[in-house]
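Commentary on secondary and tertiary structure
Spelled out, the chains give:
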Amino acid sequence: MVDRYRSVAEYLTAQPAERLPVIQALRQLVLEANPAAEEHIKWNSPSFVLAGIDQATISAQGKNGVRLVLHRGATTAENPDAASTFTGDPNGLLTWHSDIRASLLVTDLADLERTRAAAVEVVRAWLAEGTDSP
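This structure is a prediction, so every number in the text was calculated from the model and none was measured.

Describing the sheet that holds strand β4 (residues 66–70)
The 6 strands are arranged β1-β2-β3-β4-β6-β5 in an open sheet whose pairing can be described as antiparallel. Strands with a single pairing partner mark the edges of an open sheet, and in this sheet they are β1 (38–42) and β5 (95–96). Pairing analysis gives 2 bridges linking β5 to strand β6 (residues 102–106), with the strands arranged antiparallel. Residue pairing in the sheet places Thr 95 in a bridge with Ser 103 of β6. With respect to the sheet, helix α2 (residues 20–33) is in contact with β1, β2 (45–50), β3 (53–59), β4 and β6, its orientation differing from that of β4 by roughly 25°.

The following block contains the structure:
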């Protein structure tokens, strides 16, 4: 059974040592992109809220690395067959899963450092677009 984390600190304490630096780096990246983002536990992972909507969540459960999932919360209708209208990823860093959900896969810190500046800009654009939503 998977533990249910009550806080970000509890979540971080339970993470494997090899993934923790990437998780921490992604947390810092989101806060650099928008310092107003509030972090809490949602979907049993660190999630960042702006304008009352969860818009970014760290997913460390996969085998191939840690993902920063960009989304529009739990209440926005999602169409997995539709293309996104988001234009803030000129370098194609994101993998799209639906019209309102994409992820940035990070395999290790070196991987993130190679694309960090561009990744910050993508996350900044995503969060800015999400706070403009009605």
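A look at the environment of Ala 110
With respect to the element layout, Ala 110 can be found in helix α3 (residues 109–131). Ala 110 sits in the partly exposed class, given a relative accessible area of 42%. A sequence separation of 86 residues divides Ala 110 from Gln 24, and the C-alpha atoms of the two residues are 14 Å apart.

Some remarks on the UniProt feature "domain: YdhG-like" (unreviewed entry) in the protein chain
The residues that UniProt annotates with the feature "domain: YdhG-like" (unreviewed entry) are residues 22–126. The distance separating the terminal C-alpha atoms of residues 22–126 is 20 Å; by composition the span is 29% helix and 29% strand.

So, the nonpolar core
Ranked by size, the top nonpolar core spans 33 residues in total, and within it Tyr 11, Leu 26, Ile 58, Leu 68, Leu 70 and Val 123 carry the most contacts. Listed by contribution, the elements that provide at least two residues to this core are α1 (8–14), α2, β2, β3, β4, β6 and α3. For Leu 70, the contacting residues outside a window of four places in its chain are Gln 55, Ala 56, Leu 94, Ile 100, Arg 101, Ala 102, Val 122, Val 123 and Trp 126.

Considering the packing of aromatic side chains
How two aromatic rings sit relative to each other is set out by the distance from centre to centre and by the angle between their planes. Enumeration according to the criterion identifies 4 aromatic pairs in this entry. The interplanar angle of 85° and the centroid separation of 5.2 Å between the aromatic rings of Tyr 5 and Tyr 11 together place this pair among those described as edge-to-face. We classify Tyr 11 as buried; its relative accessible area is 0%. Between Phe 86 and Trp 96 the ring centres are 6.1 Å apart and the planes differ by 50°, which places this aromatic pair in the tilted class.

Regarding the pattern of salt bridges
Tallied over the full model, the rule gives 9 salt bridges. Measuring nitrogen to oxygen at the nearest pair gives 2.8 Å for the salt bridge that ties Arg 116 to Glu 32. You can see Arg 116 sitting in helix α3 and its partner Glu 32 sitting in helix α2, a full 84 residues away along the chain. Between Lys 42 and Asp 54 there is a salt bridge, with the nearest N and O atoms lying 3.9 Å from each other. Taken as a pair, Lys 42 in strand β1 and Asp 54 in strand β3 lie far apart in primary sequence, 12 residues in all. Exposure remark for Asp 54: the relative accessible area of 8% places this residue in the buried category.

About the thresholds
- Residue numbers run consecutively from 1 along every chain, following the written order of its sequence.
- Local features in a predicted model are, by the rule used here, given only for residues with pLDDT of at least 70; side-chain atom pairs are given and counted only at 80 or more, and totals for whole chains, interfaces and linings are based on all residues.
- Note that water and hydrogens are dropped before the side-chain values are worked out from all heavy atoms of the structure.
- When DSSP finds two or more bridges between a pair of strands, those strands are recorded as paired.
- A run of H or I in DSSP counts as a helix once it spans at least four residues, and a run of E counts as a strand once it spans at least two, with each numbered from the N terminus.
- Residue contacts are defined here by distance: any two heavy atoms, one from each residue, within 4.5 Å place the two residues in contact.
- Interaxial angle, 0 to 180 degrees, is taken between N-to-C directions of lines fitted to C-alpha atoms, where a helix line uses only the stretch in contact.
- Whether a residue is buried, partly exposed or exposed follows from its accessible area with a 1.4 Å probe, protein chains only, as a fraction of its type maximum: under 20%, in between, or over 50%, in that order.
- UniProt positions are given in the numbering used here, feature names are shortened, and annotations may be inferred rather than shown by experiment.
- Side-chain atoms within 4.5 Å are what join buried Ala, Val, Leu, Ile, Met, Phe, Trp, Tyr and Cys residues into a set we call a nonpolar core.
- Pairing of aromatic rings covers Phe, Tyr and Trp, the last through its six-membered ring, and needs centres within 6.5 Å; plane angles under 30 degrees mean stacked, over 60 mean edge-to-face, and all others mean tilted.
- Any Lys or Arg side-chain nitrogen located within 4 Å of an Asp or Glu carboxyl oxygen qualifies as a salt bridge.

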